There are 2 protein chains.
Amino acid sequence: MAKVAKAELDLSTEEKIKEAASIVFTKKGYGNARTRDIAEEAGINLALLNYYFRSKEKLFQIVMAERIDKLFGVLAPILNDSTTTLEEKLDKITDNYITMLLEHPDLPIFVLSEIRNNPEQLSNRFQARKHLTESVFIKQLIARRNDINPFHFLMNLLGMTLFPFVAKPILQPIAGGEDNYRGMMEQRKKLIPGWIKMMLDNP
Amino acid sequence: MAKVAKAELDLSTEEKIKEAASIVFTKKGYGNARTRDIAEEAGINLALLNYYFRSKEKLFQIVMAERIDKLFGVLAPILNDSTTTLEEKLDKITDNYITMLLEHPDLPIFVLSEIRNNPEQLSNRFQARKHLTESVFIKQLIARRNDINPFHFLMNLLGMTLFPFVAKPILQPIAGGEDNYRGMMEQRKKLIPGWIKMMLDNP
DNA sequence: AAATTATTTAATCAAATGATTAATAAAATA
DNA sequence: TATTTTATTAATCATTTGATTAAATAATTT
């Protein structure tokens, strides 16, 4: 086999394991995930997992970093865009988040519960406070409402957007099943920005 | 020792284990919790744990049921109170929830992530849909706004109230430390009901 | 074609962990 | 008080589980 094809094969196996790890870790969490589960999910031998990624912990770190990026990657580029208004940012954030989370509904609960298990290591990685405080988004919020801590509005935005996914196992049956649930999430793409704007405008 | 004193001692040991289990399970989740951790936390021998509660799983079921009660017990009695207005309910829910969660901040993430691990068993326990749909609260919401699915407002209320605790490890540093975080949560007791009322009033 | 390197597997190890057992201590009962 | 029941412990078991090893196979290079 030629060199390119071999590299593809390498990548394929390594990627298969990473993909499987992502699925199993995200579904069960670190503590409940067995390396054997991951190997089976990837369709490979258990030893291969350790051959490619020395240990469960190492594999987890890689998966976790990528999952954190996925969850917060939606937010980061929008917050510091100085070409968009506050309203446009709100529209984008809710739309992008809800679209992504309808594809990956168990992402938030996974990331948040793993951060709980290891706050120092996982939470401090991003120096969120500084980055956020100096962001265009927060400045725009302050310019609009200097009487309320801007992080309140961020909590509201994230709470209304992410919480329905964090609590999906409870809320989906309440909403009347998967289809109704998805329908409501689609509605929220428009509703949430409207509500936030309302909060900002009414003193 | 007299009978009463003995009963007290029994209860004390059993309660000590349950209390320890509650602490360890809530902090680490089922999969990451070791029965030895629980025994140590309770200051008793490991075998005693199995003497009182046959297995880790059984002990967990008991703790879990009690934790679910704690998390949803705040909501249930308020939702069906026909003597209070919608506004009063909103005030009570946020106040009671935030007060309770400042004492037990890791409760929501624990319950929600365990429900994710076992949705059928834990989520179906409460026939939430029927109870909720027929609740005074939902009827009051519909009476006020028949153009929007009332569960949207419930998601907003719970999202704005619970999410800051679900995401505490991330938000607390952003807020500027524990004291600032608590201060903001206290503010939200008044802010959130105001925001929800605003959503209900503005068409 | 032979040698070298990379990949994959079956078998196995060692530690962690949930659970049990057998002995002892304490308490209740008769 | 003697006996029976209940509570507690130390030691140990059996399984699970993350990880390793040594051998086989496949791919690549020389």
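The structure under discussion appears in the preceding block.
> Tell me about the packing of aromatic side chains, and name the residues and values.
Each aromatic ring pair is described using two quantities: the centre-to-centre distance and the angle formed by the ring planes. Applying the stated criterion across every chain yields a total of 14 aromatic pairs over all chains. Between Phe25 of chain A and Tyr30 of chain A, the aromatic rings sit 5.9 Å apart at their centres with planes inclined by 15°, giving stacked as the arrangement. Ring geometry for Tyr51 of chain B versus Tyr52 of chain B: centroids 5.4 Å apart, planes at 85°, classification edge-to-face. On the basis of relative accessibility, which here comes to 65%, the residue Tyr51 of chain B falls in the exposed class.

> Requested: an account of the interface of chain A and chain B, with residues and values cited.
Contacts between the two partners involve 50 residues from chain A, matched on the other side by 50 residues from chain B. Summed over both partners, the interface of chain A with chain B comes to about 4600 Å²; 72% of that surface belongs to carbon and sulfur atoms. Summed over the shared surface of chain A and chain B, the result is 0 salt bridges. Taken together, chain A and chain B are joined by 10 residue pairs in polar contact (both at pLDDT 80 or more). Elements with a contribution of two residues or more to the side of chain A that touches chain B: α1 (3-32), α7 (107-117), α9 (128-133), α11 (150-166), α12 (168-175) and α13 (178-201) of chain A. Taken together, the residues of the side of chain A that touches chain B sort by class into 31 nonpolar, 14 polar and 5 charged.

> Before we move on, can you summarise the nonpolar core with the specific residues and values?
Core analysis: the largest hydrophobic core is formed by 138 residues, its most contacted members being Phe25, Tyr97 and Phe137 of chain A together with Phe25, Tyr97 and Phe137 of chain B. Residues in contact with Tyr97 of chain A, not counting those within four places in the same chain, are Leu71, Phe72, Val74, Leu75, Lys92, Leu158, Thr161 and Leu162 of chain A.

> Describe the environment of Phe153 of chain B, and please don't skip the residues or the numbers.
All names here are of chain B. Inspection of the secondary structure assignment puts Phe153 in helix α11 (residues 150-166). For Phe153, a relative accessible area of 2% puts it in the buried group. Linking Phe153 and Ile196, residues 43 residues apart in sequence, is a C-alpha distance of 7.4 Å.

Here is what the cut-offs are and how they apply
- Residues numbered from 1 in each chain as written.
- Chains lettered and ligands numbered in written order.
- Predicted model: local features only at pLDDT ≥ 70, side-chain atom pairs only at ≥ 80, totals over all residues.
- Heavy atoms only, no water.
- Phe/Tyr/Trp six-rings, centres within 6.5 Å; stacked < 30°, edge-to-face > 60°.
- Buried < 20%, exposed > 50% of the residue type's maximum accessible area, 1.4 Å probe, protein only.
- Contact = heavy atoms within 4.5 Å.
- Buried area = accessible area lost by both parts, 1.4 Å probe.
- Salt bridge = Lys/Arg side-chain N within 4 Å of Asp/Glu carboxyl O.
- Polar contact = N/O pair within 3.5 Å; in protein donor to acceptor, adjacent residues only side chain to side chain.
- Helix = DSSP H or I, 4+ residues; strand = E, 2+ residues; numbered from the N terminus.
- Nonpolar A, V, L, I, M, F, W, Y, C, P; charged D, E, K, R; others polar.
- Core = buried A, V, L, I, M, F, W, Y, C linked by side-chain atoms within 4.5 Å.

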